[in-house]
Amino acid sequence: MDISANGPRQRAASHSTRVVGLGASAGGLEPLEQFLAHVPANSGLAYIVVQHMDPTHKAMLGELLQRSTAMPVREATQSERVEPDCVYVIPPNAELTVAGGLLHLSEPKQPRGMRLPIDVLFASLARDQGERAIAVVLSGMGSDGLLGLQAIKTQGGLTLAQQPESAQFDSMPGGAIAAGCVDIVAPPGELPGRILSVVGSAASGELARPLDGPHNLSTLGAILELLHQRSKRDLSLYKSSTQVRRIERRMAVHGLDTMQAYEAFLRENPQELDLLFKEMLIGVTSFFRDVAVWQELKDEVLPVMLARHAREGGHQLRAWVAGCSTGEEAYSLAMVFKEAAGTKPDYAAIGLQIFATDLSADAIAVARKGVYPASIANDVSPERLAGFFSPHGGDYYLVNKGLREMVLFAQHDVILDPPFTRLDILSCRNLMIYFSASLQQRLVPLFHYSLTPGGVLLLGGSETVGRAQSLFTPVLPKSRLYWRSDNGAGAGTLHFPVHRRSPSPAKAQESNVSSSSAAPANLQALADQVLLHAFSPPAVLVNEGGDIVYISGRTGKYLEPAAGKANWNIHVMARPGIRAQLGVALRTALFEKKTIELRGLRLDEAEEAMVDITVQGIQEPKALEGMAMIVFRDVAAPSGRGRRKRAAGSADPAMAEELMRAQEEIRALRQEMHASQEELQASNEELQSTNEELQSANEELTTSKEEAQSMNEELQTINTELQSKLDDLALAQSDMQNLLNSTDIATLFLDNDLNVRRFTDQITRVIHLREGDVGRPLSDLATTLVYPELFADAKETLRTLAFSEKEIATNDGHWYSVRIMPYRTLANVIQGAVITFVDITTAKELESRLRKE
């Protein structure tokens, strides 16, 4: 449906933990630390961190992030349940997804350098959490995360990006912002507060304020007018309650309290209008929604329709799915038809052409691909999955080619664009519930006009045909499937869509009130309407470009919609037999501002039917100036006898000569055109060959660039982690140096060769050392100790790994306790020796005095 332009929201379980996905690459450690440092320990959300890592390098990310938050930081494991107030970090050489509230790890499917782990996580959040998904893109090179943000955006989730100016590498956040798929842009430290503000507003129900008062109505009208100017789409006929809910969600995103403040924000930030327009188009859809309706269509409607079509010798039915969103409903109709047509051999030759339209170009692009997540297994039976789908990429299903070819997707506005006609099936389910009552009353007669006699209309569970009950008959009591009635007396005035601006919500509300109490139209207007419907010839009104803006009468005999994207242009829709002459006549009538008559045109070479066409350029009234009216009148085909009589008559020699000369000119022109066409074809082939070579070279360069960029990002990540470790080691070394100096013990560190490696300041009392002596052998050092065996004892300690301790005197009368011990690393590896010199002079002097006494 148009209001659900961007696809199906996955319904996340209300009890599941809401997840915030964090994606970062080069330069991402610092913003990750800033983000987590500002997250309260009891936010109630879970946080999943994905960063580009070297698959062969042991990750230190979890250890480094733990220093910035009180929440536990864990490396993700397979099938681990996501808990609130926890941080989960992706392990190296893995892809991390979320499904059913559980973490899932898998090996990367792409080669190193081509992996997009952030997109993988965000896409899984879109599927699992739906509109509750939250994703944040931080510093990084490349574009990883962009597609994932778009997926979450289409589900109505919340998307955020680091302010590019605060990022060390702004490619990832900048690209996402430029693509228009980011709701909030802020420095990393402010993002947690913005997330909790939006989550808290939604949880407390603040986004449900009623729209009352003329001031709010006028503000809503001003916002819709801004949207119309920006998108060229008219949303004023949608229900105001729907519009207000969407607007207030955007207000919560930006922290605005009033609609007037949001209007001012829109005027200052035009790009917000694009985000608001997409927000207006978010809704719900799925395969076989309301299963009973589809079963009724299969059992009660399609057998009758197929049997009638088989009797009449028809080969194809036509259907229109209005507001198809991402295509689930259109493909559901195709599957049900395939199953119904397969019940009898007589139906095998009957096909179904489905025209599926939606207001959103993004939704149409998704529908054309026909790729859906594995979660559709909840709505599609195993038999239908096996018969109409094939596995795609592990976590997706692809609609089979035969089913895709039955459906033509096109962007179309059911309010403004002309409808499809000569339809057997028209599905408009769960769309009109978003429209105002006046628009619903306009659309139902239009649907009656679009359907052929015996056609069927499908509506949603909360929708009916309203007052137009004379136009449609329910298939079953309380059914939402309706047969088209041949009685059109209750149709009233048939309003065809034209590109006109609807009144503002305030004026529309006033007009709705007044129209409900107004008297019926006067007798003359009703009589004129009956005369026009009964006796006026089929006609169309076109603008100077040939686009049809109004249709009068049944023109299906002369015009038909072209296959592919909806195109309501007279040059495309005219039957082949009259297309060329009609095009020339239209150009002449518009250019020369006169009426052109075309007589006796044959609609088709295989048919005898002929038509007269009048093309009139319009000058009055001024509102229609520059347009043209094209009127069709059927004429009887000339009898065979009359044609033979004319052929037997004598021809005018001058006319015959003129005809021959014209034929020769046409022949010469054709030859010249053919030669030019061959030259152009040859040039085109050469250019195409060159283009293919350049494209191949460009693809190779792009691949190499992406691989190099990915490697660079991994190296940046490792460099950041190692730099953090170096800072920690430098701090530890400073702590150790201060500790050793504070003990007032002379200490000497030696390597395995008994060369000086490090020493404390107090060592200078015993051994004459300075900074330049690092690396000198112990045997070369001058000392005040009366200890010639020092070098030998140190060597023996390294050999036996047994420490030695002796009391040694100095030349100046001091005594030291000299202890020699092996130097052991944390890995229990001997890498030299440690010698400590403790001053025991005072103890020795005391001992000497005691002996004398």
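Counting restarts for each chain: residues are numbered from 1 in the order of the written sequence. pLDDT decides what is reported in this predicted model: residues at 70 or higher carry local features, side-chain atom pairs at 80 or more are listed and counted, and totals for whole chains, interfaces and linings draw on all residues regardless. Only hydrogens and water are set aside when side-chain values are computed; all heavy atoms of the structure are taken into account.

Draft legend 1. Looking closely at the overall build of the chain. Looking only at helices and strands, the chain has 24 helices and 29 strands in total. Burial status follows relative accessibility: with a 1.4 Å probe on protein chains alone, a residue under 20% of its type maximum counts as buried, one over 50% as exposed, and anything between as partly exposed. Across the 853 residues in the chain, those meeting the buried criterion constitute 45%. The contact criterion used throughout is that any non-hydrogen atoms of two residues lie within 4.5 Å. The contacts in the chain between residues at least 6 apart in sequence include a share of 66% that link residues at least 24 apart. Note on areas: these come from Shrake-Rupley sampling with a 1.4 Å probe, and a residue is covered only by the protein chains present in the view. A total of about 42500 Å² of accessible surface is found on the chain, and carbon and sulfur atoms cover 53% of it. Counting from the N terminus, the helices are DSSP H or I runs at least four residues long and the strands are E runs at least two residues long.

Draft legend 2. Fine view of the pattern of salt bridges. A side-chain nitrogen of Lys or Arg and a carboxyl oxygen of Asp or Glu constitute a salt bridge if their distance falls within 4 Å. A complete count under the given rule lists 21 salt bridges for this structure. Among the salt bridges present, the one from Arg 819 reaches Glu 805, with a minimum N-O distance of 3.1 Å. Residue Arg 819 is located in strand E28 (residues 815-824), and its partner Glu 805 is located in strand E27 (residues 804-809); the two are separated by 14 residues in the primary sequence. Here Arg 819 falls in the partly exposed class, since its relative accessible area comes to 33%. Salt bridges here are not isolated pairs; linked through shared partners, they connect Glu 597, Arg 599, Asp 612 and Arg 633.

Draft legend 3. A look at the packing of aromatic side chains. Whether two aromatic rings pair depends on their centres lying within 6.5 Å, for rings of Phe, Tyr and Trp, where Trp uses its six-membered ring; planes under 30 degrees apart make the pair stacked, over 60 edge-to-face, and the rest tilted. Tallied over the entire structure, the rule returns 14 aromatic pairs. The interplanar angle of 85 degrees and the centroid separation of 5.7 Å between the aromatic rings of Phe 287 and Phe 389 together place this pair among those described as edge-to-face. Within this pair, whereas Phe 287 is found in the loop between helix H10 (271-280) and helix H11 (291-312), its partner Phe 389 is found in strand E13 (residues 389-392), the two being separated by 102 residues in sequence. A relative accessible area of 2% means that Phe 287 is categorised as buried. Summarising the aromatic geometry, the rings of Phe 420 and Trp 568 are spaced 5.7 Å apart at their centres and angled 70 degrees between planes, so their arrangement reads as edge-to-face.

Draft legend 4. Quick look at the nonpolar core. Residues belong to one nonpolar core when they are buried, are Ala, Val, Leu, Ile, Met, Phe, Trp, Tyr or Cys, and are joined through side-chain atoms within 4.5 Å. If you look at the biggest cluster of nonpolar residues, it comprises 75 residues, and the most contacted ones within it are Phe 447 and Ile 613. The element best represented in this core is helix H16 (residues 437-450), accounting for six residues. Contacts of Phe 447, omitting those with residues within four sequence positions, involve Trp 320, Val 414, Leu 426, Cys 428, Met 432, Leu 457 and Phe 472.

Draft legend 5. Just the side chain of Asp 183, in detail. Mapped onto the fold, Asp 183 is located in the loop between helix H5 (171-178) and strand E9 (184-186). Since its relative accessible area comes to 3%, Asp 183 is described here as buried. Ignoring any residue separated from it by four or fewer positions in sequence, one finds Asp 183 in contact with Lys 153, Gly 157, Leu 158, Thr 159, Arg 249, Arg 250, Val 253 and His 254.

Draft legend 6. Quick look at the sheet that holds strand E8 (residues 158-162). Strand order across the open sheet formed by seven strands is E3-E4-E2-E1-E7-E8-E9, with parallel pairing between neighbours. With partners counted over all chains shown, the strands left at the sheet margins are strand E3 (73-75) and E9, one partner each. Each strand axis lies, on average, 20 degrees off the axis of its neighbour in the sheet, ignoring direction. Criterion used throughout: strands pair if DSSP finds at least two bridges between them. The pairing of strand E2 (residues 46-51) with strand E4 (residues 87-89) spans three bridges and is classified as parallel. By the bridge assignment for E4, Tyr 47 is matched with Val 87. Between the N-to-C directions of two axes lies an angle of 0 to 180 degrees, each axis being a line fitted to C-alpha atoms and, for a helix, fitted only over the stretch in contact.

Draft legend 7. Representation of helix H12 (residues 328-341) in the model. Taking 1.5 Å per residue, 14 residues should reach 20 Å; H12 reaches 20 Å between its end C-alpha atoms and fits that length. With respect to burial, H12 is a largely interior element, 13 of its 14 residues being buried. Expected helix span is computed as 1.5 Å times (number of residues minus one).

Draft legend 8. Broad picture of the sheet that holds strand E24 (residues 628-635). Strand order in the open sheet formed by five strands is E21-E20-E24-E23-E22, with antiparallel pairing between adjacent strands. The two strands at the open ends of the sheet, each matched to only one other strand, are strand E21 (548-552) and strand E22 (595-602). Sheet twist, expressed as the average angle between the axes of neighbouring strands with direction ignored, equals 20 degrees. Pairing of strand E23 (residues 610-617) with E24, which is carried by eight bridges, proceeds in the antiparallel orientation. From the neighbouring strand, Val 615 faces E24, where its bridge partner is Ile 630. Strands in contact with helix H20 (residues 576-592) are strand E20 (539-542), E22, E23 and E24; relative to E22, the strand with the most contacts, it is inclined by about 175 degrees.

Draft legend 9. The arrangement of the pairing of strand E7 (residues 134-137) in detail. By the alternation rule, side chains of E7 split into Ile 134 and Val 136 and Ala 135 and Val 137, which are all buried. Inspection of the sheet shows strand E1 (residues 19-24) paired to E7 by four bridges, in the parallel sense. Its bridge partner being in E7, Gly 23 is matched across the sheet by Val 137. Pairing of E7 with E8, which is carried by four bridges, proceeds in the parallel orientation. Each residue of the ladder has a partner; that of Val 136, found in E8, is Leu 160.

Draft legend 10. Looking closely at the packing of H11 against H12. Between H11 and H12, whose axes approach to 10 Å, the crossing angle comes to 55 degrees. Classified by the angle between their axes, H11 and H12 sit oblique to one another. Here H11 and H12 pass one another in a crossing that is right-handed. Contacts between H11 and H12 involve Trp 294, Leu 297, Lys 298, Leu 302 and Leu 306 from the first element and Glu 329, Ser 332, Leu 333, Val 336, Phe 337, Glu 339, Ala 340 and Ala 341 from the second. Of the residues contributing to the contact of H11 with H12, the split by class is nine nonpolar, one polar and three charged. Should an angle fall under 35 degrees it is called roughly parallel, over 145 degrees roughly antiparallel, and 65 to 115 degrees roughly perpendicular, with every other angle called oblique. Crossings are sorted by hand: turned counterclockwise from the far helix by less than a right angle, the near helix makes the crossing left-handed, and turned clockwise it makes it right-handed. Gly counts as polar in this scheme, as do all residues outside two lists: the nonpolar Ala, Val, Leu, Ile, Met, Phe, Trp, Tyr, Cys and Pro, and the charged Asp, Glu, Lys and Arg.

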